[in-house]
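These are the residues of each chain, in order.
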Amino acid sequence: MASTNPPLTQADGYGILITLGTIFAMGMVGTTICLRRYKGEEKNSSESFSTADRKVKTGLIASAVVSSWTWAATLLHSSSVAYSYGVSGPLWYATGATVQIILFCIIAIELKRRAPFAHTFLEVVNARYGQAGHLVFIVFCLCTNILVTSMLLTGGAAVVHYLSGIHIVAACFLLPLGTIIYTMVGGIKATFLTDYVHTMVVLIIILIFAFVTYSTSPLLGSPSKVYDLLVNASRMHPVEGNAQGSYLTMRSTEGAIFFIVNIIGNFGTVFVDNGYYNKAIAASPVSALPGYVLGGIAWLAVPFLCSTTMGLAAIALESNPSFPTYPDRMSSDDVSAGLTLPLVAVALLGKTGAIITMIMIFMAVTSAMSAQLIAVSSIVSYDVYRTYINRAATGKKLILVSHISVVTFGIAMSAWSVGLYYIDISMGYLYMMMGIIISSAVIPGALTILWNRQSKWAVCLSPPLGFLCAMIVWLVSTKVQYGWINIQTSSSNFSMLIGNLVALFSPILFVPVISLIKPDPIPYNFASMRAITLVDDSVDNTRNPTFEETERGITILTKNLKFARILAFLLTICLTVIWPWPMYGSSYIFTKPFFTTWVVCGIVWMLFSFCVVGIYPLVENHKVIMTVCKKIYIDLAKSRQRIAINSVGHAAHHGHMSRLATTSFDKRHTNDVQS
């Protein structure tokens, strides 16, 4: 199904990347300047740069969560999972990566309640466990940022290369360029604003793909036609491990294994990613709970509808005799690289499909990468520079360090991703193995905030021990299963499953045992977390929360905590147990009416998500938007008035000088005549 001739020229590709990067860089820099001028935001405030003054509202938090969690892998790998396992793939992917966001609302509330002035999660670890625990979690958090950014750039660059022929090296460096600029200038507030725009664009494009596939396409055009082609595909190339080899069943053995790997790996990329703690810190107290819950529910529709559309469309097209490449199938390398989505987009919409796919992938890569840049810059500035190099660093100095770290990390990750390409490490491989590397820090990190009896020794030793055990089990199982270890053999679902399970759950044994053997002298009372202070930026910065506002916020968070725990537990059970597993156990094969309802529900859910992250933020912040627009209009009116006055004054002055010159000439002429 893959084509050797890119649907776009290299000039098209460079034009799209450079134009979009320039537009967003200039737009966000201009927006940042407007907010400083008309909304009173401090230019040199490190608090505003890193925490947005802790006053971001629910809608933007939800939008930022959706944007940050919509990686290139969300769109590309989910479609490949649907292509591999059928209708079960979208649900396994979506539910397996939603529960982490919903459960994180508990961590967000506890973080803001117990450390109201923290700038990073690592500051909290340092406040409780000191330097040893701090250094351990710096390593794991930075590894998470490196893994996530690697997936973003490798997946995005592969799509750009396929669609336009641009070399992978150029794509890896061009994709993040504009993001680096506006993140460096605007800080976390700029990421919130671009997250909103990027999310809107991605959702609209997914809806376009859905309506084309299930409504207007001459090759497909309806759920009924897609269903018939999926039935035909099940006869032509049945899926091993699926009930009756069908693409239309939730009973998928390999899909269920992926589901478990997906859940475990994504716990690490949420609970060990400082970017999600940054958003929790930036949220106002009343927005922490609804922001993360609404964001998680809204995000579920993104991979579900995208993969239900593009992944199943790929299967249907391959079984359609009128399709040009029938009956050829995609290669495993193309599937692992995430090329299912762009292949279908080009097949359905031609060059237009290639263009909007590039736009969508650009949005997904850059929006998620901006969160990673802020996460790394806050770690470097607060947890490395301010903690170990210059404890008396001013806000201005911290912003300078943040700027340097944003640029350095962005360029370094571009070079790193190029290296991954040349050693054949794909986005799919990174996605499956990320949990093995980082998930052993999930439980110790969460218990840092939730449990007062986890000892210093336990938090220092459990993550590295869990990592070592996971690596050993992963590689040994690969060796036993295949006889040798390479990229292909180590990427098997079984080996990845065992490694991920050991990484996440081994600290359940290590933490209590080590805490019993080497306990802390007294149970922790969380006082040192409350002692974390704001950075003294300047006497002019009045946007930081006051003591009274902070106490009111803590009261609100305490009231919301019990409800958050109940809600998170119920939603997790519904998404991971009640919804998928009864359908798995029954080996039910979808009927045509049921499949049609399944698709319609996905579209309706996406429209709900659009309202949550697209319309609600505008409604919630309409006063600020109107105020800024009004002030801009007044400034423009004053500027026009000044120009008009200056023009009139210049004309009057010119006329006066002309009259003086005429009078002088007349006098000289009269004198000459008299002489």
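Located above this text is the structure these notes cover.
Just so we're clear, the structure is a prediction, and the values are computed from it rather than from any experiment. (Residues numbered from 1 in each chain as written. Predicted model: local features only at pLDDT ≥ 70, side-chain atom pairs only at ≥ 80, totals over all residues. Heavy atoms only, no water.)

Undergrad: What am I meant to see in the overall build of the protein here?
TA: In terms of helices and strands, the protein carries 27 helices and zero strands. The principal-axis extent of the C-alpha atoms belonging to the protein is close to 120 × 75 × 45 Å. Within the protein, contacts between residues separated by at least 24 positions form 86% of all contacts whose residues are at least 6 apart in sequence. Carbon and sulfur atoms form 68% of the exposed surface of the protein, whose accessible area is close to 26,300 Å². Across the protein, 42 positive and 29 negative side-chain charges occur, with their mean positions spaced 7 Å apart. (Helix = DSSP H or I, 4+ residues; strand = E, 2+ residues; numbered from the N terminus. Contact = heavy atoms within 4.5 Å. Areas by Shrake-Rupley, 256 points an atom, 1.4 Å probe, with all protein chains shown as cover. Lys, Arg positive; Asp, Glu negative; His and termini not counted. Charge placed at Lys NZ, Arg CZ, Asp CG, Glu CD.)

Undergrad: Sorry if this is basic, but what is going on with the packing of aromatic side chains here?
TA: Each aromatic ring pair is specified by the distance between its two centres and by the angle formed by the two planes. Considering all chains together, one arrives at 32 aromatic pairs under this definition. Taking NZ or CZ as reference, Arg114 lies 3.9 Å from the ring centre of Phe526, over its face. (Phe/Tyr/Trp six-rings, centres within 6.5 Å; stacked < 30°, edge-to-face > 60°. Lys NZ or Arg CZ within 6 Å of the ring centre and 35° of its normal.)

Undergrad: How should the pattern of salt bridges be read in this particular structure?
TA: If charged atoms from side chains of opposite charge come close, those side chains can pair. Counted by the stated rule, this structure contains seven salt bridges. Of the charged contacts, one joins Glu110 and Arg113 as a salt bridge, the two residues approaching to 2.8 Å between their closest N and O atoms. In this pair, Glu110 and Arg113 are both assigned in helix α6 (residues 99-114), three residues apart and thus about one turn of the helix distant. The residues Glu110 and Arg113 share a single accessibility class, namely buried. Among the salt bridges present, the one from Glu318 reaches Arg329, with a minimum N-O distance of 3.0 Å. (Salt bridge = Lys/Arg side-chain N within 4 Å of Asp/Glu carboxyl O. Buried < 20%, exposed > 50% of the residue type's maximum accessible area, 1.4 Å probe, protein only.)

Undergrad: Explain the state of the cysteines here, please?
TA: Here is the idea: a disulfide is a covalent bond, and it sits between the sulfur atoms of two cysteines. If you walk through the whole model with that rule in mind, you get zero disulfides. Summary of cysteine pairing: Cys143 is not part of a disulfide, and the nearest cysteine sulfur, belonging to Cys141, is at 9.4 Å. Under the relative-accessibility criterion, Cys143 is labelled partly exposed at 29%. Here Cys306 is not cross-linked by a disulfide; its sulfur's nearest cysteine counterpart is in Cys601, at 18 Å. (Disulfide = S-S within 2.5 Å.)

Undergrad: I keep staring at the environment of Pro617 and nothing clicks. Help me out?
TA: You can see Pro617 is positioned in helix α26 (residues 592-620). As a C-alpha pair, Pro617 and Tyr196 span 421 residues in sequence and 8.4 Å in three-dimensional space. Setting aside anything within four residues of it in sequence, one finds Pro617 in contact with Gly59, Leu60, Tyr196 and Val612.

Undergrad: How do you make sense of the nonpolar core when you look at a structure like this?
TA: Among soluble globular proteins, nonpolar side chains are generally buried collectively. Within the largest apolar cluster, 203 residues are counted, with the highest numbers of intra-cluster contacts made by Trp71, Leu75, Phe104, Tyr292 and Phe595. Examining the composition of this core, we find that 20 residues originate from one element, helix α7 (residues 121-164), more than from any other. For Phe104, the contacting residues outside a window of four places in its chain are Val270, Phe271, Tyr276, Tyr277, Ala280 and Tyr292. By size, the runner-up hydrophobic cluster in this structure holds six residues, among which are Tyr385, Ala393, Leu398 and Val535. (Core = buried A, V, L, I, M, F, W, Y, C linked by side-chain atoms within 4.5 Å.)

Undergrad: Is there a simple way to think about unusual backbone geometry in this case?
TA: Excluding glycine, residues mostly carry a negative phi; peptide bonds, for their part, are mostly trans. In this model, Phe526 sits at a positive phi of 65°, which is unusual for a non-glycine residue. Topologically, Phe526 is positioned in the loop between α22 (493-517) and α23 (527-530). In this model, Ser587 sits at a positive phi of 55°, which is unusual for a non-glycine residue. The topology assignment puts Ser587 in the loop between α25 (580-586) and α26.

Undergrad: What exactly am I supposed to notice about helix α18 (residues 427-438) here?
TA: Residues spaced three or four apart along an α-helix point in a common direction, a consequence of the helix completing one turn every 3.6 residues. Over its twelve residues, α18 runs 17 Å from end to end, which matches the ideal 16 Å to within 8%, given 1.5 Å per residue. For α18, the tally of buried residues reaches twelve of twelve residues, placing the bulk of the element in the interior. Turning to α18, its buried residues are Met427, Gly428, Tyr429, Leu430, Tyr431, Met432, Met433, Met434, Gly435, Ile436, Ile437 and Ile438. (Expected span 1.5 Å × (residues − 1).)

Undergrad: What exactly am I supposed to notice about a nonpolar patch on the surface here?
TA: A cluster of nonpolar side chains, Trp457, Leu461, Leu465, Leu468, Ile472, Val476 and Val480, forms an exposed patch at the surface whose accessible area comes to about 660 Å². With respect to the helices, strands and loops of the structure, Val476 is situated in helix α20 (residues 456-482). (Patch = residues over 30% accessible without salt bridge, like charges linked within 9 Å, V, L, I, M, F, W, Y side chains within 5 Å.)

Undergrad: Sorry if this is basic, but what is going on with the packing of α6 against helix α12 (residues 274-282) here?
TA: Working note: a packed helix pair is described by the angle between its axes plus the distance between those axes. Two numbers describe how α6 lies on α12: the axes approach to 9 Å, and their chain directions differ by 55°. With respect to α12, the element α6 is oriented oblique. Relative to α12, α6 is oriented so that their crossing is right-handed. Residue-level contacts link Ile101, Phe104, Ile107, Ala108, Leu111 and Lys112 of α6 to Tyr276, Tyr277, Ala280 and Ile281 of α12. Across the contact of α6 with α12, the residue classes tally to nine nonpolar, no polar and one charged. (Axes fitted to C-alpha atoms, helices over the stretch in contact; angles between N-to-C directions. Parallel < 35°, antiparallel > 145°, perpendicular 65-115°, else oblique. Left-handed = near helix turned anticlockwise from the far one by under 90°. Nonpolar A, V, L, I, M, F, W, Y, C, P; charged D, E, K, R; others polar.)

Undergrad: Before we go on, may I ask you to explain the packing of α7 against helix α16 (residues 351-389) in this structure?
TA: Orientation of α7 relative to α16, taken along the N-to-C sense of each, is 160°, at an axis distance of 9 Å. Relative to α16, α7 is oriented roughly antiparallel. By crossing handedness, the relation of α7 to α16 is classed as left-handed. In terms of residue class, the contact of α7 with α16 is built from 24 nonpolar, ten polar and three charged.

Undergrad: Would you mind showing me how to read the environment of Gly275 here?
TA: In this structure, Gly275 sits in helix α12. Given the relative accessible area of 5%, Gly275 is considered buried. Each C-alpha atom, one on Gly275 and one on Met471, is 26 Å from the other, the two residues being 196 residues apart in sequence. The contacts of Gly275, once residues within four sequence positions are left out, are Ala371 and Ala375.

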